[in-house]
Amino acid sequence: MITLHINGQPRQFTGVMNLVELLASLELVGKRIAVEKNGEIVPKSQHPTTPISDGDQLEIVVAVGGG
């Protein structure tokens, strides 16, 4: 089990190895999002290869349409 801090809140996960798996567990796959990991923006093209480790700090922003 690992603990991640997502948008300032600690959350625990099991079996999460990379950013894509984390986003899937948060039901964010297919949504327009921006991710920052430990202070660095992670481009969408790098989500599948970005590892997740215990203690990582993540900021996840979901784009909302409207006008």
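Rules used throughout
Residues numbered from 1 in each chain as written. Predicted model: local features only at pLDDT ≥ 70, side-chain atom pairs only at ≥ 80, totals over all residues. Heavy atoms only, no water. Buried < 20%, exposed > 50% of the residue type's maximum accessible area, 1.4 Å probe, protein only. Helix = DSSP H or I, 4+ residues; strand = E, 2+ residues; numbered from the N terminus. Pairing = 2+ DSSP bridges.

**A few points about the pairing of strand β1 (residues 2-6)**
Of the two faces of β1, only the one carrying I2, L4 and I6 is buried; T3 and H5 on the other face are not. As judged from the two bridges shared by β1 and strand β5 (residues 57-62), these two strands associate in the parallel manner. Note on β5: the bridge partner recorded for H5 is Q57.

**A few points about unusual backbone geometry**
At E27, a residue that is not glycine, the phi angle is positive and equals roughly 60°. Residue class for E27 comes out exposed when judged on its relative accessible area of 65%. Notably, N38 is not glycine yet its phi reads approximately 50°, a positive angle. Along the chain, the position of N38 falls in the loop between β3 (33-37) and β4 (40-42).

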